[in-house]
Amino acid sequence: MFGRRKDIVYKTLVTKKRAVALQKLSAELETPAPAVFKTVKELESDGLVEVFYGQDKAAIMVRAKTIGDYI
């Protein structure tokens, strides 16, 4: 199940083509932010996304690399 969640989160990020706020991504996926953040951290450790931390906690941003990196 976790692998499927990673696929869904990553594919959603790739379609954005730009950084997305964690809260907005969580709302779009209708998934609690802690679960989305955990998945994003897994994707980051896989080298597929970058996480940027702003001055405000709500400013956490994620940015997907190309889908070619995933396949």
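Residues numbered from 1 in each chain as written. Predicted model: local features only at pLDDT ≥ 70, side-chain atom pairs only at ≥ 80, totals over all residues. Heavy atoms only, no water.

With an unreviewed UniProt entry as reference, the protein chain is termed ArsR family transcriptional regulator, source organism Thermococcus siculi.

Participant: I'd like a description of the overall build of the protein chain, backed by residues and values.
Facilitator: On a plain count of helices and strands, the protein chain comes out with four helices and three strands. Secondary structure elements of the protein chain, listed N to C terminal, follow the sequence α-β-α-α-β-β-α. Classification of the 71 residues of the protein chain by burial places 27% in the buried group. Sequence separation of 24 or more characterises 46% of the internal contacts of the protein chain that already satisfy a separation of 6 or more. Surface accessibility of the protein chain: about 4,700 Å² in total, with carbon and sulfur atoms responsible for 55%. (Helix = DSSP H or I, 4+ residues; strand = E, 2+ residues; numbered from the N terminus. Buried < 20%, exposed > 50% of the residue type's maximum accessible area, 1.4 Å probe, protein only. Contact = heavy atoms within 4.5 Å. Areas by Shrake-Rupley, 256 points an atom, 1.4 Å probe, with all protein chains shown as cover.)

Participant: How would you summarise helix H2 (residues 22–29) if you had to cite specific residues and measurements?
Facilitator: Turning to H2, its buried residues number three or more, namely Leu22, Leu25 and Ser26. End-on, the buried residues of H2 take up no more than an arc of 100°, which puts them together on one face. Exposed side chains of H2 directed beyond 90 degrees from the buried face belong to Lys24 and Ala27. Within two residues after H2, Glu30 carries a phi angle of roughly 50°, on the positive side. (Arc of directions from axis to C-beta.)

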